[in-house]
Amino acid sequence: MIVIIQTLLATIIGSLLVGIGVNGFLVPHHLIDGGILGIALILHYFFEFQTGITMVVLSLPICIFSAMHQRGYFLTNIQGLLASSFFIDLLAPLRTQFLISEFVSALIGGAIIGTGVGLMLRYKTSTGGTDLLAKIISKVIPINLALAIIILDGLIILAGFTVLEVDNFLYSCMAICTVGLVTALIEGN
């Protein structure tokens, strides 16, 4: 029972942190994160899709894949996906609250998102996107979780390079590296 409560709290707190990091620090400067969130942010910037809802739609195939390979993660990852998507859309008003530079936003946003994701991964839940895929990869291939996240997120950011300005691209890379490093520190892998 205690493990269930800890996982639920980690899901809520981690998702809240992801929502704050995305809306307070990345979106105001049109920065992206990697993975499914990065794809959802690109779609938000160009088509005004709701970021959280888009994450749910894009993450469902990964959640189903994880259910086939890591059955124990399925329920908690669906919870994490829904909670983080909810907080990302709920906290959209934060997009106009912090007026700081792109450099500082990339670092703070990356640290906040990394803390949220790391907390969730530590308690066997995730946002359901490529964080979950990185967790599976790091168990199958002897690779550090942070490196797996940076590689997967790097692939997404490279795709984003075609639609981002150079400054946004570089600050997004910095945010992604910060997310990956902080995630590894918090997750304890």
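Scroll up to find the structure this text is about.
In this text, all values refer to a predicted model and were calculated from it rather than measured experimentally.

A. Expanded view of the nonpolar core. The biggest cluster of nonpolar side chains holds 36 residues, and the ones touching the most others in it are Val18, Val22, Ile32, Leu37, Leu41, Met55 and Ile113. Counting residues per element, the ones that place at least two in this core are α1 (2–26), α2 (35–47), α3 (51–69), α4 (74–90), α5 (102–122), α6 (130–140), α7 (145–161) and α8 (166–187). Ranked by residues supplied to this core, first place goes to α2 with six residues. Apart from residues lying up to four places away in sequence, Val22 is in contact with Val27, Pro28, Leu37, Leu41, Ile88 and Ile113.

B. Geometry of a nonpolar patch on the surface. Taken together, the side chains of Phe98, Ile100, Phe103, Val104, Leu107 and Ile108 make up a nonpolar region of the molecular surface, amounting to roughly 420 Å² of accessible area. Residue position: Leu107 is located in helix α5.

C. Representation of the packing of α2 against α7 within the structure. Contact geometry for α2 and α7: axes closest at 8 Å, N-to-C directions at 15°. Here α7 runs roughly parallel to α2, going by the angle between their axes. Crossing geometry of α2 relative to α7 is assigned as right-handed. Two secondary-structure elements touch here, α2 through Gly35, Gly38, Ile39 and Ile42 and α7 through Asp153, Ile156 and Gly160. Grouping the constituent residues of the contact of α2 with α7 by class yields three nonpolar, three polar and one charged.

D. Just the packing of α1 against α5, in detail. Two elements in contact, α1 and α5, have axes whose closest approach is 8 Å; the angle formed by their N-to-C orientations is 165°. When the interaxial angle is binned, α1 and α5 end up roughly antiparallel. Handedness of the crossing formed by α1 with α5: left-handed. Seen from α1, the contacting residues are Ala10, Thr11, Ile13, Gly14, Ser15, Leu17, Val18, Ile20, Gly21, Val22, Phe25 and Leu26; seen from α5, they are Ser105, Ile108, Gly109, Ile112, Ile113, Thr115, Gly116, Val117, Leu119 and Met120.

E. Spotlight on the packing of aromatic side chains. Taken as a whole and judged by the stated rule, the model has four aromatic pairs. Pairing Phe25 with Phe98 gives two aromatic rings, centres 5.0 Å apart and planes at 10°, and the pair type is stacked. Of this pair, Phe25 sits in helix α1 while Phe98 sits in the loop between α4 and α5, and the two are 73 residues apart along the sequence. Its relative accessible area of 6% is what places Phe25 among the buried residues. With relative accessibility at 33%, the residue Phe98 sits in the partly exposed group.

F. Highlighting the environment of Arg122. Looking at where Arg122 falls in the secondary structure, it is placed in helix α5. Given a relative accessible area of 47%, Arg122 falls into the partly exposed group. Residues Arg122 and Gly34 lie 88 residues apart in sequence; the distance between their C-alpha atoms is 20 Å. Excluding residues within four positions of it along the chain, Arg122 makes contact with Ile186 and Glu187.

G. Local environment of the environment of Phe103. Its location among the elements puts Phe103 in helix α5. Each C-alpha atom, one on Phe103 and one on Met174, is 8.3 Å from the other, the two residues being 71 residues apart in sequence. What Phe103 contacts, discounting residues up to four positions off in sequence, is Tyr171 and Met174.

H. Focus on α7. Here α7 contains 17 residues, and its C-alpha end-to-end distance of 24 Å stays within 8% of the 24 Å for a straight helix at 1.5 Å per residue. Leu145, Ala146, Ala148, Ile149, Leu152, Asp153, Gly154, Ile156, Ile157 and Gly160 are the residues of α7 that are buried.

I. Region of the structure containing the side chain of His44. Topologically, His44 is positioned in helix α2. Taking the relative accessible area as the measure of exposure, His44 reaches 16% and is therefore buried. Apart from the residues lying within four places of it in its own chain, the contact partners of His44 are Val27, Phe49, Thr51 and Arg95.

J. Summary view of the state of the cysteines. Going through the model one piece at a time under the given rule, you end up with zero disulfides. The thiol of Cys177 is not disulfide-bonded; the next cysteine sulfur, from Cys173, is found 6.8 Å away. On the accessibility criterion, Cys177 (36% relative accessible area) is partly exposed.

Cut-offs applied
Residues numbered from 1 in each chain as written. Predicted model: local features only at pLDDT ≥ 70, side-chain atom pairs only at ≥ 80, totals over all residues. Heavy atoms only, no water. Core = buried A, V, L, I, M, F, W, Y, C linked by side-chain atoms within 4.5 Å. Buried < 20%, exposed > 50% of the residue type's maximum accessible area, 1.4 Å probe, protein only. Helix = DSSP H or I, 4+ residues; strand = E, 2+ residues; numbered from the N terminus. Contact = heavy atoms within 4.5 Å. Patch = residues over 30% accessible without salt bridge, like charges linked within 9 Å, V, L, I, M, F, W, Y side chains within 5 Å. Areas by Shrake-Rupley, 256 points an atom, 1.4 Å probe, with all protein chains shown as cover. Salt bridge = Lys/Arg side-chain N within 4 Å of Asp/Glu carboxyl O. Axes fitted to C-alpha atoms, helices over the stretch in contact; angles between N-to-C directions. Parallel < 35°, antiparallel > 145°, perpendicular 65-115°, else oblique. Left-handed = near helix turned anticlockwise from the far one by under 90°. Nonpolar A, V, L, I, M, F, W, Y, C, P; charged D, E, K, R; others polar. Phe/Tyr/Trp six-rings, centres within 6.5 Å; stacked < 30°, edge-to-face > 60°. Expected span 1.5 Å × (residues − 1). Disulfide = S-S within 2.5 Å.

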